[in-house]
Amino acid sequence: MDDSIATRNTAMSGIRTASHDLPVSAELAAFLSGHWAATPPPGDIRNPVAELTSARRARLSARFPGERLIIPAGELKVRSNDCDHRFRPHSAYAWLTGLTGEDQAGHLLVLEPDGPRGHEPVLYVRPRSPRDDGDEFYRDRRYGEFWVGCRPDLAEAERMTGIRCVHLDSYRAVPPGRDASSDPELASALSELRLIKDAWEVAQLQLAVDHTTSGFEDVVRALPRALAHPRGERWIEGIFNLRARAEGNGTGYETIAASGAHACVLHWIRNDGPLDPGQLLLLDAGVETDTLYTADITRTLPLSGRFSPVQREVYELVLAAQEAGIAALKPGARFRDFHQAGMRVIAEGLADWGVLKSADGDLHRRYTLCSSGHMLGLDVHDCAQARATAYLDGVLEEGQVLTVEPGLYLQPDDETLPAELRGIGVRIEDDLIITAEGARTLSGALPRTPDAVEQWMGELLGS
């Protein structure tokens, strides 16, 4: 059998191979199917969050009595040709099951209506391939054990999650229901249920912040090498991303390492520019834990280790706006209050500089461009499918975690600005939890004031 025929036949059986795979003779197939030792028992593999997920599913069940609910983990996405992007389960699936690994691709959680008990959860999973039945374990590039590693069998998956698990192939017989990937009402409910974090989630977010703090320290220590490299921004990105992969699942979003005027581009992720010691570096980055909770922190750093007078002036205005926003955080405050408090400071500062004739109106938005914060959790922009009444137009509640991140983006070609201000971008972003008294900063280990930033950089650089 030639390569193309072998590939076509295995593709028809659902196994993904490549056109250049070598054919497998009957003798080799028989040899591969036997003489394997029994897979060692995994021992105690109970997921530590399994008890929490049961209560989460019960809350979702109460919102949709008598309805079948389908929450997919998501599918693998092709990056190029036969190479997939690294897989991350959908956040709602991870929240309801506690399963966060790359082996969850294609899996589904179904909440089956179960009379007075509400719903019975059922996980449809692709279990470990038996070595004596078929060639998936060595031929399938997407799911085969020899290609991507071992998966639990059904019994192991049940012990891990406390949920009844069945083979994914049997999902074809499941009647239709509300699907979180296409049902806006279900998607909104799943977002709204995650708005308030429990103590375990807060601890995971603090862990993400702590690792992110270490990543920022790594970056400062690496500045001499980065300044010498023609694509210093990319060097910075790589240094931070190394910490993210070493300590967690990776980054929670694409790292923004923006120097000079690149900092005026809100989502600058090309990161291909050089570093100039006379300019600022805006670093917006977050480590995602193995449990998929992410930090989201931004610091704007003087690449020389010292702010110039004009850089300090812009930085201090943004810092004052952030402090005003943080002061507005408390249970019962409107979600939009902290943004409006910060923007009042920005508008007044721009008027004091003579950039604006008045602090009234919304002309300051030319220089701020976007909102000043968002919910944070399993997603960097967490709970985004929540209804406006529960989130953007709602009020803050104890246990919510969010960012406060005002910025000034003074474009290099903006003729409304004096020349010395053009091309400066500053954002300061911290992660906070709403408490009964107001808010507590999770990212306070990273300095914010210009004097503290300069001292911190000097200590890390030994200068």
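Small disclaimer: the values here were computed from a predicted structure and weren't measured.

Participant: Is there a simple way to think about the nonpolar core in this case?
Facilitator: By size, the foremost hydrophobic cluster in this structure holds 86 residues, and its most contacted members are Leu 60, Ile 71, Ile 236 and Leu 408. If one sorts the elements of this core by residue count, helix α9 (residues 199-221) sits on top with seven residues. Aside from chain neighbours lying at most four places away, what touches Ile 71 is Leu 60, Ala 92, Tyr 93, Leu 96, Leu 108, Leu 109, Ala 180 and Leu 190. Listed in part, the 17 residues of the second largest apolar core include Leu 329, Phe 335, Met 375 and Ala 386.

Participant: I tried to follow the sheet that holds strand β7 (residues 178-179) on my own but got confused; where do I start?
Facilitator: Hydrogen bonds between backbone atoms are what pair the strands of a sheet, whose relative direction is either parallel or antiparallel. Pairing is mixed in the open sheet, where five strands are placed in the order β6-β5-β4-β1-β7. At either end of the open sheet lies a strand with only one pairing partner, and these are β6 (164-167) and β7. Alignment of strand β4 (residues 108-113) against strand β5 (residues 119-125), held across six bridges, turns out to be antiparallel. The partner of Leu 108 across the bridge, within β5, is Tyr 124. Contacts from helix α3 (residues 50-63) reach β1 (69-72), β4 and β5 within the one sheet, and its direction differs from that of β4 by about 55°.

Participant: When you look at the side chain of Ser 191 in this model, what are you seeing that I'm missing?
Facilitator: Mapped onto the fold, Ser 191 is located in helix α8 (residues 184-193). With a relative accessible area of 5%, Ser 191 lands in the buried category. Sequence-distant contacts of Ser 191, defined by excluding residues within four places in its chain, comprise Cys 383, Ala 384, Gln 385 and Ala 386.

Participant: When you look at the sheet that holds strand β12 (residues 297-302) in this model, what are you seeing that I'm missing?
Facilitator: Taken in spatial order, the three strands of this open sheet run β9-β10-β12, and their pairing is antiparallel. Each edge of the sheet is formed by a strand with only one pairing partner; in this case those strands are β9 (256-259) and β12. Mean inter-strand twist for the sheet, computed between neighbouring axes without regard to direction, equals 15°. In this structure, β9 lies alongside strand β10 (residues 280-285), joined through four bridges in antiparallel fashion. Bridge pairing in β10 places Ala 258 opposite Leu 282. Here α9 sits on the sheet and contacts β10 and β12; the angle it forms with β12, its principal contact strand, is near 20°.

Participant: Honestly, the side chain of His 374 in this entry has me stumped. Any pointers?
Facilitator: With respect to the helices and strands, the residue His 374 is situated in the loop between α14 (365-368) and β13 (401-404). Residue class for His 374 comes out buried when judged on its relative accessible area of 8%. Aside from chain neighbours lying at most four places away, what touches His 374 is Asp 296, Phe 335, Val 380, His 381, Tyr 391, Val 401, Leu 402, Thr 403, Glu 405 and Glu 429.

Participant: Is there a simple way to explain the packing of α3 against α8 in this structure?
Facilitator: Between two packed helices, both the angle of their axes relative to each other and the distance between the axes serve to describe the pair. In contact at an axis separation of 11 Å, α3 and α8 are set at 140° when each is read in the N-to-C sense. Taken together, α3 and α8 sit at an angle that is classed as oblique. In terms of crossing hand, the pair formed by α3 and α8 is right-handed. From α3, Arg 59, Leu 60 and Arg 63 reach across to α8, where they touch Leu 186, Ala 189, Leu 190, Glu 192 and Leu 193. Residue composition of the contact of α3 with α8, by class: five nonpolar, no polar and three charged.

Participant: I keep staring at the pattern of salt bridges and nothing clicks. Help me out?
Facilitator: When charged atoms on two side chains of opposite charge get close, those side chains can pair. Within the structure shown, the criterion is met by 33 salt bridges. A salt bridge links Arg 243 to Glu 247, with the shortest nitrogen-to-oxygen separation between them at 2.8 Å. Residue Arg 243 and its partner Glu 247 are located together in helix α11 (residues 232-247), separated by four residues, close to a single helical turn. Here Glu 247 falls in the partly exposed class, since its relative accessible area comes to 33%.

Participant: Help me understand the confidence of the model for the chain, please; the structure alone is not making it clear to me.
Facilitator: The predicted coordinates should not be examined in detail at positions where pLDDT is low. Looking at the chain, the pLDDT average stands at 94 and 96% of residues meet or exceed 70. Segment residues 1-13 is flagged for pLDDT under 50; beyond a separation of four residues in sequence, or across chains, it makes 16 contacts in the model.

Participant: Looking at this structure, how should I read the packing of helix α12 (residues 309-327) against helix α13 (residues 337-353)?
Facilitator: Relative to each other, α12 and α13 sit at 150°, their axes nearing to 7 Å. Our classification of the angle between α12 and α13 gives roughly antiparallel. α13 is crossed by α12, and the crossing has right-handed handedness. Judged by residue contacts, Glu 313, Val 314, Leu 317, Val 318, Ala 320, Ala 321, Ala 324 and Gly 325 of α12 engage Phe 338, Ala 341, Gly 342, Val 345, Ile 346, Gly 349, Leu 350 and Trp 353 from α13. Class assignment for the residues of the contact of α12 with α13 results in 12 nonpolar, three polar and one charged.

Participant: Before we go on, may I ask you to explain the environment of Glu 288 in this structure?
Facilitator: Here Glu 288 lies in strand β11 (residues 287-288). For Glu 288, a relative accessible area of 4% translates into the label buried. Considering only alpha carbons, one finds Glu 288 and Ala 208, 80 residues apart in sequence, at a separation of 5.9 Å. Setting aside residues no more than four positions away along its own chain, Glu 288 makes contact with Arg 88, Gly 248, Asn 249, Gly 250, Thr 251, Gly 252, Tyr 293, Thr 294 and Leu 378. Among the polar contacts listed, one links the side chain of Glu 288 to the side chain of Arg 88, at a separation of 2.9 Å.

Participant: Help me understand the environment of Arg 159, please; the structure alone is not making it clear to me.
Facilitator: The topology assignment puts Arg 159 in helix α7 (residues 154-161). The exposure class assigned to Arg 159 is partly exposed, which follows from its relative accessible area of 41%. The spatial distance from the C-alpha of Arg 159 to the C-alpha of Ile 45 is 6.8 Å, given a sequence separation of 114 residues.

Participant: How should I be thinking about the pairing of β4 in this particular structure?
Facilitator: Along a regular strand, successive side chains alternate from one face of the sheet to the other. Across the six residues of β4, five count as buried, placing the element largely inside the fold. Here β4 folds back onto β5 in antiparallel fashion, the turn holding five residues, of which Gly 115 has a positive phi close to 55°.

Rules of the game
- Residues numbered from 1 in each chain as written.
- Predicted model: local features only at pLDDT ≥ 70, side-chain atom pairs only at ≥ 80, totals over all residues.
- Heavy atoms only, no water.
- Core = buried A, V, L, I, M, F, W, Y, C linked by side-chain atoms within 4.5 Å.
- Buried < 20%, exposed > 50% of the residue type's maximum accessible area, 1.4 Å probe, protein only.
- Helix = DSSP H or I, 4+ residues; strand = E, 2+ residues; numbered from the N terminus.
- Contact = heavy atoms within 4.5 Å.
- Pairing = 2+ DSSP bridges.
- Axes fitted to C-alpha atoms, helices over the stretch in contact; angles between N-to-C directions.
- Parallel < 35°, antiparallel > 145°, perpendicular 65-115°, else oblique.
- Left-handed = near helix turned anticlockwise from the far one by under 90°.
- Nonpolar A, V, L, I, M, F, W, Y, C, P; charged D, E, K, R; others polar.
- Salt bridge = Lys/Arg side-chain N within 4 Å of Asp/Glu carboxyl O.
- pLDDT = per-residue confidence, 0-100.
- Polar contact = N/O pair within 3.5 Å; in protein donor to acceptor, adjacent residues only side chain to side chain.

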